[in-house]
Amino acid sequence: MSNIRVRFAPSPTGALHIGGVRTALYNYLFTKKHGGTFVLRIEDTDQGRYVPGAENYIIESLHWCGIMPTEGQGIGGPHAPYRQSDRKDIYQKYALELVANGKAYYAFDTPEELEAARNEAAATGNHNFKYDTNSRKAMKTSLNLPAEEVQRRLDAGNDYVIRLKVPENEVVTFTDLIRGEVSFATSELDDKVLMKSDGMPTYHLANIVDDHLMEITHVIRGEEWLPSTGHHVLLYRAFGWEATMPAFSHLPLILKPSPDSYLTKSTIPTITDALTEEFFKKNEKQDFAIDREKTKNQILQILQDAKSISAQLKENEKDSPDKILLKEFLKDSLFGKLSKRDGARLGFPVFPINWEGSGDDSIYKGFSGEGFLPEAVVNFLAFLGWNPGTEQEIFSLTELSEAFSLEKISRSGARFDYNKAKWYNQQYLHAADDAELARLVQPLVEAKGYQVSDEYLAKACHLMKGRATFLPELVEQAPFLFGEVQTFDNDNIAKRWKPESRSIFEALANHLKAQPEFVAAPLEESVKAFMNEQGKKPGEIMPILRLALAGTMQGPGVFEMMELLGRDASLERLARAFNYFDAQIG
RNA sequence: GCCCCGUUCGUCUAGGGGUCUAGGACGCCGCCCUUUCACGGCGGUAACACGGGUUCAAAUCCCGUACGGGGUACCA
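Here's a quick rundown of the structure. (Residues numbered from 1 in each chain as written. Chains lettered and ligands numbered in written order. Predicted model: local features only at pLDDT ≥ 70, side-chain atom pairs only at ≥ 80, totals over all residues. Heavy atoms only, no water.)

1. What about the pairing of strand S5 (residues 161-164)?
- Judged by which residues are buried, S5 turns out to be covered on both faces: Val 161 and Arg 163 on one side and Ile 162 and Leu 164 on the other are all buried.
- Relative to strand S8 (residues 193-195), S5 runs antiparallel, the two sharing two bridges. The partner of Ile 162 across the bridge, within S8, is Met 195. (Buried < 20%, exposed > 50% of the residue type's maximum accessible area, 1.4 Å probe, protein only. Helix = DSSP H or I, 4+ residues; strand = E, 2+ residues; numbered from the N terminus. Pairing = 2+ DSSP bridges.)

2. With respect to the side chain of Ser 333
- Its place among the elements puts Ser 333 in helix H11 (residues 321-334).
- Side-chain polar atoms of Ser 333 contact the backbone oxygen of Phe 329, separated by 2.7 Å. (Polar contact = N/O pair within 3.5 Å; in protein donor to acceptor, adjacent residues only side chain to side chain.)

3. Here's the deal with the sheet that holds S5
- Pairing within the open sheet is antiparallel, and its three strands lie in the order S4-S5-S8. The outermost strands of the open sheet, each flanked by one partner alone, are strand S4 (104-107) and S8. Across the sheet, the mean angle separating the axes of adjacent strands is 45° when strand polarity is ignored.
- Of the strands in this sheet, S4, S5 and S8 touch helix H3 (residues 88-100), which is tilted by about 105° from S4. (Axes fitted to C-alpha atoms, helices over the stretch in contact; angles between N-to-C directions. Contact = heavy atoms within 4.5 Å.)

4. Focus on the packing of aromatic side chains
- A complete count under the given rule lists 39 aromatic pairs for this structure.
- Here Phe 348 and Tyr 418 contribute two aromatic rings whose centre-to-centre distance is 5.9 Å and whose plane-to-plane angle is 35°, an arrangement assigned as tilted. Note that Phe 348 is positioned in the loop between helix H12 (342-346) and strand S12 (355-356) and Tyr 418 in helix H16 (residues 418-431), a separation of 70 residues in sequence. For the pair Phe 348 and Tyr 418, a shared accessibility class is recorded, and that class is buried.
- Ring centres of Trp 386 and Phe 395 lie 6.3 Å apart, and the angle between their planes is 80°; this geometry places the pair in the edge-to-face category.
- On the basis of relative accessible area, Phe 395 is assigned to the buried category, the value being 5%.
- Positioned over the ring face of Tyr 94 is Lys 93, at 4.4 Å from the centre of the ring.
- Taking the ring centre of Phe 108 as reference, the NZ or CZ of Arg 153 above it sits at 5.3 Å. (Phe/Tyr/Trp six-rings, centres within 6.5 Å; stacked < 30°, edge-to-face > 60°. Lys NZ or Arg CZ within 6 Å of the ring centre and 35° of its normal.)

5. What about the protein's contact with RNA strand B?
- Neighbouring residues of RNA strand B: 63 residues in total, closest Asn 128, Arg 179, Lys 196, Asn 387 and Met 553.
- Considering the 4 Å shell around the protein, atoms of RNA strand B inside it are sugar or phosphate in 70% of instances.
- Take Asn 128: an N or O atom from its side chain is 2.3 Å from a base nitrogen of RNA strand B.
- Here a base nitrogen of RNA strand B and a backbone polar atom of Gly 555 are 2.7 Å apart.
- Among the secondary structure elements, those contributing two or more residues to the surface near RNA strand B are S5, strand S7 (180-185), strand S14 (414-415), H16, helix H23 (538-550) and helix H24 (558-565).
- Of all the elements, H16 adds the most residues to the surface near RNA strand B, at six residues.
- A class-by-class count of the residues in the surface near RNA strand B yields 20 nonpolar, 21 polar and 22 charged. (Near = heavy atom within 4 Å. Nonpolar A, V, L, I, M, F, W, Y, C, P; charged D, E, K, R; others polar.)

6. As for unusual backbone geometry
- Following Ala 80, the chain continues into Pro 81 via a peptide bond in cis, with omega recorded as 0°.
- Summarising the element assignment, Pro 81 is placed in the loop between strand S3 (71-72) and H3.
- One non-glycine residue, Asn 169, lies in positive phi territory at about 45°.
- Given a relative accessible area of 67%, Asn 169 falls into the exposed group.
- For Glu 215, which is not glycine, the phi torsion reads 55° and is therefore positive.
- Residue placement: Glu 215 occurs in the loop between helix H6 (203-213) and strand S9 (218-222).

7. Focus: the side chain of Arg 345
- Examined against the element boundaries, Arg 345 turns out to sit in helix H12.
- Classification of Arg 345 by relative accessible area gives buried; the value is 8%.
- For Arg 345, the side chain forms a polar contact with the side chain of Glu 278, separated by 2.5 Å.
- Residue contacts for Arg 345: discarding those within four places in its chain leaves Lys 256, Ile 271, Ala 274, Leu 275, Glu 278, Ser 333 and Ser 339.

8. A look at the nonpolar core
- In terms of nonpolar packing, the biggest core is built from 131 residues, with Phe 416, Leu 481 and Phe 581 touching the most fellow members.
- Leaving out residues up to four positions away in the same chain, Leu 481 has contacts with Tyr 456, Ala 460, Met 464, Pro 556, Met 561 and Leu 564.
- Counting 38 residues, the second largest nonpolar core, distinct from the first, contains Ala 104, Val 172, Phe 184 and Leu 234. (Core = buried A, V, L, I, M, F, W, Y, C linked by side-chain atoms within 4.5 Å.)

9. Details of helix H4 (residues 111-123)
- When the terminal C-alpha atoms of H4 are compared, their 18 Å separation across 13 residues agrees well with the 18 Å that a helix rising 1.5 Å per residue should span.
- Regarding H4, the residues found buried are Leu 114, Ala 117 and Ala 121. Around the axis of H4, the buried residues are gathered within 60° of arc, so they sit on the same side. Of the exposed residues in H4, the ones pointing more than 90 degrees away from its buried face are Glu 112, Glu 120 and Ala 123. (Expected span 1.5 Å × (residues − 1). Arc of directions from axis to C-beta.)

10. A closer look at the pairing of S4
- Alternating residues of S4 divide into Ala 104 and Tyr 106 and Tyr 105 and Ala 107, and every residue in both groups is buried.
- As defined by bridge partners, S4 adjoins S5 across four bridges and the pair is classed as antiparallel. Residue pairing for S5: Tyr 105 is matched across the bridge by Arg 163.

11. Considering the layout of surface pockets
- Each pocket or cavity is described by its volume, and for the largest pocket that value is around 1,000 Å³.
- Taken together, 37 residues line the largest pocket, and the ones lying closest to its centre are Ala 9, Pro 10, Ser 11, Glu 224 and Trp 225.
- Elements with a contribution of two residues or more to the lining of the largest pocket: strand S1 (5-8), helix H1 (18-34) and S9.
- In terms of residues, the lining of the largest pocket owes the most to one element, H1, which gives five residues.
- Here the residues of the lining of the largest pocket sort into 14 nonpolar, twelve polar and eleven charged. (1 Å grid on protein atoms, 1.4 Å probe; cavity = no way out; pocket = protein on both sides within 12 Å on 5 of 7 lines; lining within 4 Å. Points joined across faces, edges and corners; volume = space filled by probe spheres on them.)

See below:
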């Protein structure tokens with residue numbers, strides 16, 4: 001395969017969530033593997049949903065992940081512009097071409113008339129009104145209106161849309177690279193709107209025109225597009241572009257995590273509050289006769305039995321209308337496709353980097369903000385729906401692109417697993433370069449008011465990285481490496497420090513003071529020799545040393561800490577601590 | 001409702017007719033290591049949705065049912 005061209009085509013309606021990032025990642029990996037071109041196109045044909053800053057956010061996110069496109073919006077290239085709102089005229093032209101060829105038609109029905117048609121159909125028991133081969137016969141279209149009438153309406157500037165004229169009684173079949181052959185009966189397809197009355201194209205038209213013009217060879221997108229792919233194939237045919245139609249691959253969706261993976265005693269109250277809040281907000285226009293406390297208790301009760309949530313949410317004959325409403329809400333909130341809201345309500349990040357939108361509750365912490373390394377996020381995401389078939393779990397971006405293939409993508413939806421994400425981060429943190437970690441953590445160190453050299457910080461990171469899961473923990477879990485001990489674990493001190501301890505520890509301090517070099521390994525040798533000499537067991541000496549140096553029973557090895565702190569600081573800490581210990585038991 | 005897609009341990013998955021008494025990873029549990037907390041090492045728990053076919057042989061192929069997911073907008 002040569003001249004492979006793929007595109008990532010998000011719409012700038014807010015922060016790009018992790019599912020979008022994964023789609024971008026797979027597109028990136030596919031082109032890297034085959035030496036192709038990765039295009040970024042912004043699909044902003046819905047003016048109503050445009051969110052300022054989203055486009056920038058998308059680019060920054062891809063940049064953070066290290067999976068930048070090589071052509072497109074914000075980058076440039078031979079097919080500019082890459083923002084669909086800037087390509088408006090192009091779509092108009094192609095839509096008119098379709099009308100001229102009889103593959104599409106004008107429709108003048110107002111939203112009210114469509115609503116009426118829907119209601120009419122519903123009255124006869126058909127709750128499934130479709131604007132299609134049959135129903136269009138009764139609508140105001142250029143297919144059934146007299147030509148003069150159509151022209152008159154166009155001249156008069158009446159609102160209209162252009163719809164695809166779906167052919168009757170055909171079967172559209174295409175091959176999905178992940179799923180194999182997929183077919184749709186055209187009798188099931190509606191006459192999709194191609195051009196909206198505001199003059200903008202819909203996704204369906206714009207995406208076909210652009211993919212064609214931009215010479216896209218492979219469309220790799222989420223499964224939510226699978227049902228409309230029949231329309232898309234029809235459009236390629238209508239334009240006469242079927243010979244160069246891209247190959248389709250529909251990725252499995254990323255699903256919300258299973259509730260029992262995050263529902264614990266400590267999270268249930270918070271999640272209950274968030275859900276209650278959201279439920280009332282969503283239904284504030286509803287005339288509700290039920291009270292908040294009662295609803296909150298109902299939610300709490302359901303969440304508490306995490307294992308049987310789905311059974312509890314099954315609708316029951318005896319359920320009151322508001323109970324049904326609540327159950328439906330919970331079902332949507334707890335199951336199905338991962339959504340932008342899930343991070344806020346369920347307590348884990350769903351965005352790559354932090355998002356600060358305007359308005360209320362629009363600030364979201366991303367993976368980067370939580371202290372994830374981009375390499376870990378990428379590795380984690382790559383494995384959500386794809387697997388190389390080997391037993392290797394840790395892959396660099398380069399390794400991923402070498403191992404990647406569309407055929408290895410699985411077909412079923414993948415549940416988001418935050419535990420796995422954390423594990424990946426821990427692995428990457430553990431393996432990271434000390435100086436690099438120091439660089440990443442430097443802003444936090446400054447924010448805390450600590451003053452240490454780059455070299456010192458790198459050594460501190462070295463000692464801490466094996467014990468941390470998130471970047472900030474490197475610093476937060478070891479304040480004693482950056483300044484005097486602020487708090488002592490008094491319980492442990494009381495347990496281990498005896499009135500007679502002081503003399504032996506002063507002897508030890510003198511022993512340390514006399515060491516030729518203050519380096520971990522020789523220090524350890526020497527202290528062991530001292531303990532032997534004095535007939536003391538490590539358990540009698542080491543914990544005290546640790547408490548004196550760090551104030552806590554947790555942290556890096558005692559001798560490593562001593563080396564890092566240096567002789568003077570170590571001895572000062574010991575002296576100060578022994579006084580404090582005496583005071584504690586005194 | 002209708003259409004489309006899917007279904008292997010709690011989760012992510014390997015598997016593409018016999019090598020499967022189903023492999024790996026996360027999580028959980030236990031043991032070891034150990035001056036702490038971790039890391040690490042070792043071990044354990046746990047799955048082919050169900051029913052019919054096809055075949056000498058089915059987790060693997062076919063059909064049905066159930067369940068899950070998506071779509072059903074002048075949203076993408």
